[in-house]
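Each chain, letter by letter, is given below.
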Amino acid sequence: MKLFVNEQLITIPADCNIEQLLLLLESPLKGSAVAVNQHIISRSKWAEYKLNESDQIALFQAIAGG
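Computed from a prediction, not measured in an experiment: that's the story for all the values here.

**Digging into the nonpolar core**
For step 1, the next point in the chain: Of all hydrophobic cores here, the largest spans 16 residues; its most connected members are Leu-3, Ile-12, Ile-18, Leu-21, Val-34, Leu-51 and Ile-57.
For step 2, the next point in the chain: Listed by contribution, the elements that provide at least two residues to this core are strand E1 (2-5), helix H1 (18-24), strand E3 (32-36) and strand E5 (56-61).
For step 3, the next point in the chain: Among residues more than four places away in sequence, those in contact with Ile-18 are Val-34, Val-36, Ile-41, Trp-46, Tyr-49 and Leu-51.

**Here we look at unusual backbone geometry**
For step 1, the next point in the chain: Positive phi is not limited to glycine here, since Asn-6 has a value of about 50°.
For step 2, the next point in the chain: Summarising the element assignment, Asn-6 is placed in the loop between E1 and strand E2 (8-11).
For step 3, the next point in the chain: On the basis of relative accessible area, Asn-6 is assigned to the partly exposed category, the value being 41%.
For step 4, the next point in the chain: Even without a glycine there, the phi angle at Gln-38 is positive, about 70°.
For step 5, the next point in the chain: Relative to the elements of secondary structure, Gln-38 occurs in the loop between E3 and strand E4 (39-41).
For step 6, the next point in the chain: Judged by relative accessible area, Gln-38 falls into the exposed class, the value being 78%.

Criteria and thresholds
Residues numbered from 1 in each chain as written. Predicted model: local features only at pLDDT ≥ 70, side-chain atom pairs only at ≥ 80, totals over all residues. Heavy atoms only, no water. Core = buried A, V, L, I, M, F, W, Y, C linked by side-chain atoms within 4.5 Å. Buried < 20%, exposed > 50% of the residue type's maximum accessible area, 1.4 Å probe, protein only. Helix = DSSP H or I, 4+ residues; strand = E, 2+ residues; numbered from the N terminus. Contact = heavy atoms within 4.5 Å.

Quick look at the structure:
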């Protein structure tokens, strides 16, 4: 299945959820925020939220600093 992550087209296995996507991308689960089609998905729903063909995913990382 093809979708966009931070505006880059990627291919992932079908029936992939958000948590699996982050693991595939080697992105940390802690300190991350995810939006699918411009809607923030709460972390508690990542394991059950199935991604769809052509979804637009925005990944954000919390960074420390001032």
